[in-house]
Amino acid sequence: MPRLAGDAAPWQAVKCDVFPRESLMTSAPFPASRPRRLRRTPALRAMVRESTLTPADFIWPIFVREGTDDATPVSSMPGVSRHTVDRVGALAKEAHALGIPAICIFPYTAQEARTADCAMAWDEGNIANRAIRAIKEAVPEMAVMTDIALDPYNIDGQDGYVRDGEVVNDETVEALVRMALAQAASGADILGPSDMMDGRIGAMRTALESEGYQHVTILSYSAKYASAFYGPFRDAVGASAALKGDKTTYQMDPGNGDEALRMIARDLAEGADMVMVKPGMPYLDICRRVKDRFGVPTFAYQVSGEYAMLQAAAGNGWLNGEKVMLESLMAFKRAGCDGVLTYYAPEAARVLNG
Ligand code: PBG
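Below is a summary of the structure that appears in this document. (Residues numbered from 1 in each chain as written. Predicted model: local features only at pLDDT ≥ 70, side-chain atom pairs only at ≥ 80, totals over all residues. Heavy atoms only, no water.)

**Here we look at the pattern of salt bridges**
For step 1, the next point in the chain: The final tally for this structure, using the stated rule, is 18 salt bridges.
For step 2, the next point in the chain: Among the salt bridges present, the one from Arg-130 reaches Glu-66, with a minimum N-O distance of 3.0 Å. Of this pair, Arg-130 sits in helix H3 (residues 127-138) while Glu-66 sits in the loop between strand S1 (58-65) and strand S2 (71-73), and the two are 64 residues apart along the sequence.
For step 3, the next point in the chain: Among the residues examined, Arg-130 registers a relative accessible area of 31% and is labelled partly exposed.
For step 4, the next point in the chain: One salt bridge in this structure joins Arg-200 and Asp-195, with 3.1 Å as the shortest N-O distance.
For step 5, the next point in the chain: Among the charged side chains, a salt-bridge network with shared partners connects Asp-195, Asp-198, Arg-200, Arg-266 and Asp-267. (Salt bridge = Lys/Arg side-chain N within 4 Å of Asp/Glu carboxyl O. Helix = DSSP H or I, 4+ residues; strand = E, 2+ residues; numbered from the N terminus. Buried < 20%, exposed > 50% of the residue type's maximum accessible area, 1.4 Å probe, protein only.)

Structure (structure tokens):
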């Protein structure tokens, strides 16, 4: 005789209290409840999927450099190249056709072009600012995001000025504000301060308001950790050779979670429109806590080292590259993120678009 619902075996009486929400604890006992019923076909799985992934979730980081009609592969990031500025218009058209709403620009600077005063950072003619204009010209609808930090221009490879061996805060913030205004003047939609100096969001917001850039948004790298996962990026932008020491006096300690919430609260209070957690996959707990606590537009950066790990394993045939790409990106959505900065953006969009 088949056992009826309610006729529970002893193990079914074990209360499941891992879920915070009462409603999740009310399923009938086996066999009235058979969760596998909803996993049986692709159609059923699609109907009950809680998170979705679309090309609109992506911000595509690209590396730009001087020169004409060329692209140099970044060896530690298989599939990623540094593009000359004259090519970014075509990249923007490609991204737009794929449904990607935003591109984030990172400039490559050779060691010889770096200076102690970092003046190139706020030059409207620098390659990053030229790339903003080129994208806006090619695809006006594309949202263009920038990076604000001195490291691409700094002879020391640090995100701020180094004085007597220390990365100084307030003098750096003044330079970052100049950098922000030059990017806004070049047409940037989203400023991305990645420097982790104190007080920079408020200083930038005040300057943007008084200089006529009220519409420019700030996506703050609020919870940015001092991470070894940035290694390949530093190769890509030419910072590995320049960088002396590490960034532990301004980027966050990987052991801290509550501090991330304090940084987010502070940046929102100073005028950030959106916030970011970085790196991504090793910090998904932070993404979830941020979304639950603040409910603001929350992004994660799937950084260069995360991308490099997956690409290396896929390249060796140890992982299915396409599947781990999509699974890793879906994880950000499930963790509460509204979007993700990812080097996979065009490839993932192509797969998602079928
Ligand atoms: C620079 C910056 C870094 C990244 C984004 N902006 C590197 C760093 O802080 O050293 C890392 C991105 C990546 O690893 O993909 N301020």
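**Some details on the environment of Ala-207**
For step 1, the next point in the chain: Residue placement: Ala-207 occurs in helix H5 (residues 200-210).
For step 2, the next point in the chain: Separated by 27 residues in sequence, Ala-207 and Ala-180 have C-alpha atoms that sit 8.8 Å apart.
For step 3, the next point in the chain: In contact with Ala-207, not counting residues within four places along its chain, are Val-177 and Leu-181. (Contact = heavy atoms within 4.5 Å.)

**A look at the side chain of Thr-342**
For step 1, the next point in the chain: Looking at the element boundaries, Thr-342 is found in strand S12 (residues 339-342).
For step 2, the next point in the chain: Residue classification places Thr-342 among the buried residues on the basis of a relative accessible area of 0%.
For step 3, the next point in the chain: Here the side chain of Thr-342 touches Gln-302 through a polar contact of 2.7 Å, side chain to side chain.
For step 4, the next point in the chain: Those residues in contact with Thr-342 that lie beyond four places of it in its chain are Phe-58, Ile-59, Trp-60, Pro-61, Gln-302 and Leu-329. (Polar contact = N/O pair within 3.5 Å; in protein donor to acceptor, adjacent residues only side chain to side chain.)

**Digging into the site of the ligand**
For step 1, the next point in the chain: Lys-224, Arg-234, Lys-278, Ser-304 and Tyr-343 are the nearest of the 18 residues found near the ligand.
For step 2, the next point in the chain: Here a nitrogen atom of the ligand sits 3.3 Å away from a polar atom, N or O, in the side chain of Asp-147.
For step 3, the next point in the chain: In the environment of the ligand, a nitrogen atom lies 2.8 Å from a nitrogen or oxygen atom belonging to the side chain of Ser-194.
For step 4, the next point in the chain: Protein burial of the ligand: of its 400 Å² of free accessible surface, 100% is covered by the chains.
For step 5, the next point in the chain: Across the shell around the ligand, the residue classes break down as eight nonpolar, three polar and seven charged. (Near = heavy atom within 4 Å. Areas by Shrake-Rupley, 256 points an atom, 1.4 Å probe, with all protein chains shown as cover. Nonpolar A, V, L, I, M, F, W, Y, C, P; charged D, E, K, R; others polar.)

**Focus: the packing of aromatic side chains**
For step 1, the next point in the chain: Here the structure, examined in full by the defined rule, presents 10 aromatic pairs.
For step 2, the next point in the chain: The interplanar angle of 15° and the centroid separation of 5.8 Å between the aromatic rings of Phe-63 and Tyr-343 together place this pair among those described as stacked. Here the residue Phe-63 occupies a position in strand S1, and Tyr-343 occupies one in the loop between S12 and helix H11 (345-352), the gap between them amounting to 280 residues. You'll find Phe-63 and Tyr-343 in the same group, each marked buried. (Phe/Tyr/Trp six-rings, centres within 6.5 Å; stacked < 30°, edge-to-face > 60°.)

**Observations regarding the nonpolar core**
Within soluble globular proteins, side chains that are nonpolar generally end up buried alongside one another.
For step 1, the next point in the chain: Counting 103 residues, the largest nonpolar core has Phe-63, Ile-103, Ile-105, Met-145, Tyr-301 and Leu-329 as the members making the most contacts within it.
For step 2, the next point in the chain: The dominant element in this core, judged by the number of residues it contributes, is helix H4 (residues 170-185), at seven residues.
For step 3, the next point in the chain: Sequence-distant contacts of Tyr-301, that is, excluding residues within four places in its chain, are made with Pro-61, Phe-106, Tyr-221, Phe-233, Met-276, Val-277, Lys-278, Pro-279, Gly-280, Glu-306, Leu-341 and Tyr-343. (Core = buried A, V, L, I, M, F, W, Y, C linked by side-chain atoms within 4.5 Å.)

**Topic: a nonpolar patch on the surface**
For step 1, the next point in the chain: Side chains of Leu-38, Met-47 and Val-48 sit close together on the surface and give an oily, nonpolar patch of about 310 Å² of accessible area.
For step 2, the next point in the chain: As for its position among the elements, Leu-38 is in the segment before helix H1 (42-48). (Patch = residues over 30% accessible without salt bridge, like charges linked within 9 Å, V, L, I, M, F, W, Y side chains within 5 Å.)

**A short note on the pairing of strand S4 (residues 102-107)**
For step 1, the next point in the chain: Taken across its six residues, S4 has six buried, putting it largely inside the fold.
For step 2, the next point in the chain: Here S4 shows no split at all, with Ala-102, Cys-104 and Phe-106 on one side and Ile-103, Ile-105 and Pro-107 on the other all buried.
For step 3, the next point in the chain: For the crossover from S4 across H3 to strand S5 (residues 143-145), the handedness is right-handed. (Right-handed = clockwise from strand over helix to strand, strands pointing away.)

**Remarks on the side chain of Asn-129**
For step 1, the next point in the chain: Following the sequence through the fold, Asn-129 ends up in helix H3.
For step 2, the next point in the chain: Looking at Asn-129, the relative accessible area reads 1%, which means it is buried.
For step 3, the next point in the chain: In contact with Asn-129, other than residues within four places in its own chain, are Asp-123, Glu-124, Ala-182, Gln-183 and Ser-186.

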